Amino acid sequence: MKQTLTTFLFGVFSLTAFAQETEVEIKVIPKEIQTPQAYLDSIKKTFVNHKAGANIDKKWINELLNDEMFENMESDINSVYLDQEVAYDLSTDVLKTRLAQLDKKYPFDIKYSPTLEKVIKNFLKNRSKSFERLMAVSEYYFPMFEEQLAKRNVPIEIKYLAIVESALNPKAKSRVGATGLWQFMYPTGKQYGLEVNSYVDERSDPLKSTDAASKYLADLYDVFGNWEMVLASYNSGPGTVSKAIRRSGGKTNYWEIREYLPKETQGYVPAFLATLYIYEYHKVHGIVPKKATLPFIKTDTIHLKQAIAFDEISELLDISIDEIKLLNPKYKLDYIPNYDQERHSLRLPIDKISRFTSNEKKIYAYLDYQKNYKLEKNIVDDIVSEKSTAIAATQTKSKAVGLAKTHVVKKGDTLSSIAKKYGNVTVAQLMKKNNIKNASSLKPGMKLKI
């Protein structure tokens, strides 16, 4: 880019030759320099393109980032300890039978209790539409959850915990600052390797946060030895659960220590088990899952070699910024940084990732060109501004000097007639400038400064 910069600056420095001129034509960028937009248009014509995939529908994007479902779930869990009666057509005997079947099928202590019945009925009555939507969203996230949980020997049914935690919203943030699908607090996230800085919050990264949650859950199981206590610890912290165990006289069953736990945690495990029940028996309750338009398996990632902004990705790959935000929720400023040799990833629909990888060198060349173009233009603009200021000052000075005239007094001249002739001066100014004490002392041949 050195030759281009020289071309830019040659025209700028030549401005000094015009410093005394009244009018100067300033060309910031020579016509032969290609703008980034022209460069972009030219390289996109040469891109290797793959079969275009359907972009994610705007409505589906809003569904995946729905704050309302998270807020409703958080409210339900916080209020469930009230044990309010709920009118819903589900007999206790039928529910007991179904819960017994679930108890045999899954590695949880799923026992009937009046509290669990009320939570299940509350969800079925008041949240059935939300669950239809959540079942669509879960098509995107659950395959990823299952893979990560299985790696740590954590029951894959723990995937339902993310519904209770965040309603599957990667940008969810609780009133106390817990963030992401798995609602990590800052210290716990850092402890399990999640980076949080001005650009990135990996608590909102679906893959990395799920891996961290799997590790954390596995560690809690090593401490408590049963999954109900693990769930309670995940919500309120292992220290709080340990205190509840001591206050209960050493009992280690969740249902036996539940009354000694914080009110939110009292509703937390029932909410998890109620979610598991609804996913298992949604058909008999008339809950029809909506269909996901972008299953998780139809996206892929690439590790980037340079920093790039979301708007640049959008321009290069013809994909909406909202879609990029949806698939890359960990980036806080719509910008993917590159620092300390650390490569950050970009997740996109498979056809867009294929387009990126097939044209990677051209894309990075465009980013370099755009960066240098902006740098050079900023340098030019600064120099032009400086030279323009100097030229304007010179022109102003020249005009000021041109106004300073000398008038030779002729016979019949008076101070009044002279002032009137020049129009922008008064008799008093003439007298003061020329040290005239008396108007009658004006004589032919005298030289007056105007």
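Along each chain, residue indices are assigned from 1 in the same order as the chain's sequence is written. Thresholds applied to this predicted model are a pLDDT of at least 70 for local features of residues and 80 or more for the giving and counting of side-chain atom pairs; totals over whole chains, interfaces and linings are not thresholded and use all residues. Processing note: side-chain calculations cover all non-hydrogen atoms of the structure and skip hydrogens and water entirely.

**Quick word on the overall build of the protein chain**
Only DSSP runs of H or I covering at least 4 residues are called helices, and only runs of E covering at least 2 are called strands; the numbering of each starts at the N terminus. Broken down by element type, the protein chain carries 20 helices and six strands. Contacts were defined at the residue level, with two residues in contact if any of their heavy atoms lie within 4.5 Å. By sequence separation, contacts in the protein chain at least 24 residues apart represent 71% of the contacts at least 6 residues apart. To measure how exposed things are, a 1.4 Å probe is used in the Shrake-Rupley method; for residues, cover is taken only from the protein chains shown. When the accessible area of the protein chain is evaluated, it comes to approximately 23400 Å², of which 51% is carbon and sulfur surface.

**A closer look at the environment of Lys447**
Structurally, Lys447 can be placed in strand S6 (residues 447-449). When residues no more than four places from it in sequence are discounted, the contact partners of Lys447 are Thr406, His407, Val408 and Asn434.

**A closer look at the pattern of salt bridges**
The salt bridge criterion pairs a side-chain nitrogen of Lys or Arg with a carboxyl oxygen of Asp or Glu, the two atoms within 4 Å. Tallying each qualifying case throughout the model produces 15 salt bridges. In this structure, Lys105 and Glu280 form a salt bridge, with 2.5 Å as the shortest nitrogen-oxygen distance. Of this pair, Lys105 sits in helix H5 (residues 92-105) while Glu280 sits in helix H14 (residues 263-281), and the two are 175 residues apart along the sequence. Owing to a relative accessible area of 52%, Lys105 belongs among the exposed residues under this scheme. Residue exposure (1.4 Å probe, protein chains only): buried if accessible area is under 20% of the type maximum, exposed if over 50%, otherwise partly exposed.

**Some thoughts on the confidence of the model for the protein chain**
pLDDT measures how confident the predictor is about each residue, on a scale from 0 to 100. Here the protein chain averages 82 in pLDDT, and 78% of its residues register 70 or above. With pLDDT under 50 throughout, residues 1-32 is counted as low confidence; its partners more than four residues away or in other chains account for 44 contacts.

**A look at the side chain of Thr210**
Its place among the elements puts Thr210 in helix H10 (residues 206-224). Residue contacts for Thr210: discarding those within four places in its chain leaves Met144, Phe145, Gln148, Trp182 and Asp205.

**Section: the nonpolar core**
The nonpolar core is taken to be a set of buried Ala, Val, Leu, Ile, Met, Phe, Trp, Tyr and Cys residues, with the residues joined through side-chain atoms within 4.5 Å. Judged by nonpolar contacts, the single largest core of 69 residues is most densely connected at Phe145, Ile158, Leu168, Trp182, Tyr234, Phe272 and Tyr277. In this view, Ile158 contacts Phe108, Leu149, Trp182, Leu217, Trp227, Leu231 and Phe272; residues no more than four positions away in its chain are not counted. Counting residues in hydrophobic clusters, the runner-up holds 26 residues, among them Tyr331, Phe356, Tyr364 and Tyr373.

**Things to note about helix H12 (residues 238-247)**
Along H12, the positions that sit buried rather than exposed are Val241, Ala244 and Ile245. Projected onto a plane normal to the axis of H12, the buried residues spread over an arc of 100 degrees and lie on a single side. When the buried face of H12 is taken as reference, the exposed residues oriented beyond 90 degrees from it are Arg246 and Arg247. Of the surrounding secondary structure, the elements contacted by the buried residues of H12 are H10, helix H11 (227-236) and helix H13 (254-257). Positive backbone phi, at 90 degrees, marks Gly249, one or two positions downstream of H12. Taken from the helix axis, the directions to the C-beta atoms give the arc we talk about.

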